[in-house]
Amino acid sequence: MKIAFLGPHASFTQLAAAQLFPDEELLPQVNILDCFIAVENGSVDMAVVPLENSIEGTVSMTLDYLYKTPDIKIMAEAVMPIAHHLMVHPHCVVEKIEKIYSHPQALAQSFHFLDTNYRNVIKQDYSSTAAAAKHVSENPDRNLAAVANTFAANLYNLKIIERNIQDFEQNHTRFIVISKQSHDYSHKNLTLLGKKSGLLITLPEDHAGGLHQVLSVFAWRKMNLSKIESRTLKTGLGKYFFFINVVGKWESTVQYNALEELKTLQIKVDFLGNYSEFLLNS
Ligand SMILES: O=C(O)C(=O)Cc1ccccc1
């Protein structure tokens, strides 16, 4: 099987993909959109992309493309502890660092550290932490730094000058496996954290109690929600869709009835699947 991931090699997403798919062909993509395109056009069977971080919140690009591609479903979810390190080329003069590159989520997760210690240094968004590390390694004549993981430091021959720079000790990222097939993915060697289902909800129009109606469909069936996130529809200010996670594996008739009730209320539902959540190593 072919599995796309947000690359290049040694990105956090690759570390997740390698644990989820140790025996499959992993194909690095330049950005999250390319992961979705590869699944959409069938050049890969699945892709692994980041969905949410415990410090910085949702990866909005992933949520947006899940919404835009209703035939792409979630097959599994995996949670991985994240540690960020500041790294430079061995020739770098640390006192003269002019720019720090990383994925926007990594820069945000290390914001206070970087703001305190490198206040006057430009922070530059890059497509991934590993791409930032690669860029630093390819520009040895400039005094650049990257925020990335130890695998990237080793692969791109960079020197770690500050370890564990994330602002909070507890730092976890949730990755999802996306595919055009919706069956539940299982993995016998990974720790199973639980089962859940995912839905994207769009209300027909803005009216009093609209969201309450949606929530009541789950509430009276005692379906416990573990996440509800609103995201702009990009059709004007104040217009949103909702990403919802329901905890546990639900009896199919209960789930079917809940989805039917939402449709009766003229609520647009994209059911993303029933899937397992795994714990990964850092
Ligand atoms: O940039 C990476 O390496 C990624 O895989 C995305 C990401 C960024 C920061 C924390 C977790 C995942």
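It should be emphasised that the depicted structure is a prediction, and the values quoted were computed from it without experimental measurement. (Residues numbered from 1 in each chain as written. Predicted model: local features only at pLDDT ≥ 70, side-chain atom pairs only at ≥ 80, totals over all residues. Heavy atoms only, no water.)

Chemist: Looking at this structure, I do not really get the side chain of T58. What am I missing?
Modeler: Position of T58 relative to the elements: it lies in strand β4 (residues 57-58). The class of T58 is buried, set by a relative accessible area of 15%. Among the polar contacts made by the side chain of T58, one reaches the side chain of E229 at a distance of 2.8 Å. Ignoring sequence-local partners within four residues, the contact set of T58 consists of L51, E52, L63, Q105, K227 and E229. (Helix = DSSP H or I, 4+ residues; strand = E, 2+ residues; numbered from the N terminus. Buried < 20%, exposed > 50% of the residue type's maximum accessible area, 1.4 Å probe, protein only. Polar contact = N/O pair within 3.5 Å; in protein donor to acceptor, adjacent residues only side chain to side chain. Contact = heavy atoms within 4.5 Å.)

Chemist: Please explain the UniProt feature "domain: ACT" (unreviewed entry) in the chain as it appears in this structure.
Modeler: The positions UniProt marks with the feature "domain: ACT" (unreviewed entry) are residues 199-274. Taken end to end, residues 199-274 comprises 30% helix and 36% strand; its first and last C-alpha atoms sit 10 Å apart. (UniProt positions renumbered as here; feature names shortened; annotations may be inferred.)

Chemist: Just checking my understanding: could you explain the site of the ligand for this structure?
Modeler: Lining the immediate surroundings of the ligand are L6, S11, F12, T13, I82, H84, H103, Q109, S128, T129 and T173. A distance of 2.5 Å separates an oxygen atom of the ligand from a polar side-chain atom of T129. In isolation the ligand has 310 Å² of accessible area, and contact with the protein removes 99% of it. When the residues that make up the shell around the ligand are grouped by side-chain class, the tally is three nonpolar, eight polar and no charged. Split by domain, the shell around the ligand shows at least three residues from each of two domains, domain 1 (2-81 + 172-279) and domain 2 (85-162). (Near = heavy atom within 4 Å. Areas by Shrake-Rupley, 256 points an atom, 1.4 Å probe, with all protein chains shown as cover. Nonpolar A, V, L, I, M, F, W, Y, C, P; charged D, E, K, R; others polar. Domains from an automatic or database assignment.)

Chemist: Explanation requested: the domain arrangement of the chain in the structure shown.
Modeler: Many analyses report the size of an interface as the accessible area lost when the parts associate. For the chain, the assigned domains are domain 1 (2-81 + 172-279) and domain 2 (85-162). When each unit is reduced to the centre of its C-alpha atoms, the spacing between domain 1 and domain 2 is 30 Å. Summing the contributions of domain 1 and of domain 2, the shared interface buries around 1100 Å²; its carbon and sulfur component is 66%. There are zero salt bridges connecting domain 1 and domain 2. Applying the counting rule to domain 1 against domain 2 returns five residue pairs in polar contact (both at pLDDT 80 or more). Counting residues per element, the ones that place at least two in the side of domain 1 that touches domain 2 are α1 (12-20) and β4. (Buried area = accessible area lost by both parts, 1.4 Å probe. Salt bridge = Lys/Arg side-chain N within 4 Å of Asp/Glu carboxyl O.)

Chemist: I would appreciate a short explanation of helix α6 (residues 129-137) in the present structure.
Modeler: Along an α-helix, a turn takes 3.6 residues, which lines up residues three or four apart on a common side. Where burial is concerned, most of α6 is hidden: eight out of the nine residues are buried. Of all the residues in α6, the buried ones are T129, A130, A131, A132, A133, H135, V136 and S137. Sitting at the head of α6, S128 places a side-chain oxygen 3.4 Å from the backbone nitrogen of A130.

Chemist: Would you explain unusual backbone geometry in this entry?
Modeler: For residues besides glycine, phi is generally negative; the peptide bonds are generally trans as well. Omega for the peptide link from G7 to P8 comes to 0 degrees, which places this bond in the cis form. Relative to the helices and strands, P8 is located in the loop between β1 (2-6) and α1. Look at A10: it is not a glycine, yet its phi comes out positive at around 80 degrees. Tracing the chain through its elements places A10 in the loop between β1 and α1. Relative accessible area serves as the criterion here: at 5%, A10 is assigned to the buried category.

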